[in-house]
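# A look at the structure
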Amino acid sequence: MTDPTPVLPAYGGGSLADVLPSVAGALSVPNEQNLLGLPTAARYAVLLLDGLGWNLLQRNADAAPYLSSLAGRSLTAGVPSTTGVSLTSFGTGLPPGAHGMVGYTSIVPETGALLNALSWDAPVDPRRWQPHQTVFERVAAAGVATRNVSKARFDNSGLTAAAFRGSSHRGADTVEDRLDATRFASREGKSSLVYVYDSQLDYTGHGQGSASWQWRKELAAADAFASQVRSALPRDAVLLVVADHGMVDVAPQNRIDLDAEPELTDGLRLIGGESRFRHLYCVDGAAADVLATYRERLGDNALVLSREEATSRGWFGAVEDRVAPRIGDVVVASLGPVALVASRRYPNEAGLIGLHGSLTEDEMLIPLLIDEGR
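Within every chain, residues take consecutive numbers counted from 1 along the sequence as written. In view of the model being predicted, local features appear only for residues whose pLDDT reaches at least 70, and side-chain atom pairs are presented and counted only at 80 or more, with totals across whole chains, interfaces and linings using the full set of residues. With hydrogens and water set aside, each side-chain value is computed from the structure's full complement of heavy atoms.

In the annotation of an unreviewed UniProt entry, the protein chain is listed under the name Alkaline phosphatase family protein and assigned to Kribbella qitaiheensis.

Okay, here's the thing in structure tokens:
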């Protein structure tokens, strides 16, 4: 693991949220700013490889010759560095404090339920939860053919509605289907934007660890897929390759089980977030005690902040009033090689090896890679 000094999100010119607005600017969509200085083109494809951290790519460059050959730079994810939050920042061009997706799971203040951003398991209207116009909607309104190529099951998901509305979904469950859909979509109209998503690298990292041979094998497959996506595009299209977060591996002995230490659940209403970035929702009047307990228990291994402290540091960007209550009364961001699991509440999560969500370099830094074709 690299230096645990927290990496602050570079909203407004160096984060994942700045990618699609910059693409829109490069596509000459009116009133859009190309903050990242991307090459001007009439056709763009953006491939997002879930879990491909910048540091992981640098360490495993030999397993990804195509990706490693591309010009690029690092960006930051938002906070927390997790898929549901990042994909919504990507699709809306907004930080979490504006779009309102603040964690893998977060409280629905109106009901007290816990919403999982990926499975969308609470009866919440995604268009009310995330009411802002997406970049896809703005690009499509300007006459650009706008497509979203990912697994068929994502077509009707709450996350897709919140983050990607405005793009026409192309369900594609195999590599061949994704390439065919990309090939077709990238040639539509006089101008086009195609978003392609692949989750296999993240899945392998969670199950086997990002330092495993299985992860390196999956990286080689992702590298080959990225090269095939480039080959499927028109020669004058620009391909961007990005990610939503990086990953760290946490050994079993470094997992703190909240369900096994009663003092760590005393005063809690709900445990949200995920094991590297916890939202702790407290019963009335308990937040100060919870804050003190977690600071004493975790020491230098985590930043334990009140909601007000976390928001004042700019972790979520400017936080809208409707979003603030979704953030934990106490927020725990792991910096050392530790994870806060809850084996009774979330048994599946407790066994994962590769994790993300916090503010370390390995989790926060993501690639922006550019292939101009021609």
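## A few points about the domain arrangement of the protein chain
Where a domain begins and ends is set by an automatic assignment or by a domain database. Under the domain assignment used here, the protein chain contains domain 1 (16-249 + 359-371) and domain 2 (252-353). In what follows, salt bridge is the name for a side-chain nitrogen of Lys or Arg lying within 4 Å of a carboxyl oxygen of Asp or Glu. Here domain 1 and domain 2 share one salt bridge between them. With a shortest N-O distance of 2.8 Å, Glu363 and Arg276 are connected by a salt bridge. Here a polar contact means two N or O atoms within 3.5 Å. Within protein one must be a hydrogen donor candidate and the other an acceptor candidate, and residues neighboring in sequence count only if both atoms are side-chain atoms. Applying the counting criterion to the domain 1 and domain 2 interface returns 13 residue pairs in polar contact (both at pLDDT 80 or more). Of all the secondary-structure elements, those providing two or more residues to the side of domain 1 that touches domain 2 are helix H5 (96-99), strand S3 (105-108), strand S4 (113-116), helix H6 (126-129), helix H10 (200-208) and strand S9 (248-249). Starting at the N terminus, helices and strands are each numbered in turn, a helix being any DSSP run of H or I of at least four residues and a strand any DSSP run of E of at least two.

## A short note on the packing of aromatic side chains
The rule is short: rings of Phe, Tyr and Trp, with Trp giving its six-membered ring, pair when the centres are within 6.5 Å, and they are stacked under 30 degrees, edge-to-face over 60, tilted in between. Inspection of the entire model under this criterion finds seven aromatic pairs. Both rings, one in Phe136 and one in Tyr195, keep their centres 6.2 Å apart while their planes meet at 50°; by these two values the pair is tilted. Within this pair, whereas Phe136 is found in helix H7 (residues 135-141), its partner Tyr195 is found in strand S7 (residues 192-198), the two being separated by 59 residues in sequence. When accessible area is computed with a 1.4 Å probe and restricted to protein chains, residues below 20% of their type maximum are described as buried, those above 50% as exposed, and intermediate ones as partly exposed. On the basis of relative accessible area, Phe136 is assigned to the buried category, the value being 0%. The exposure class assigned to Tyr195 is buried, which follows from its relative accessible area of 2%. Ring geometry for Phe277 and Trp315: centres 6.0 Å apart, planes at 55°, overall tilted. Taken as a pair, Phe277 in strand S12 (residues 277-282) and Trp315 in the loop between helix H13 (307-312) and strand S14 (330-334) lie far apart in primary sequence, 38 residues in all. Its relative accessible area of 0% is what places Trp315 among the buried residues. Members of the aromatic cluster, each reached through a chain of ring pairs, are Phe90, Phe136, Phe164 and Tyr195. Positioned above the aromatic ring of Trp129, the side-chain terminus of Arg326 is 3.5 Å from the ring centre. Whether a charge sits over a ring depends on NZ of Lys or CZ of Arg being within 6 Å of the ring centre and within 35 degrees of the ring normal.

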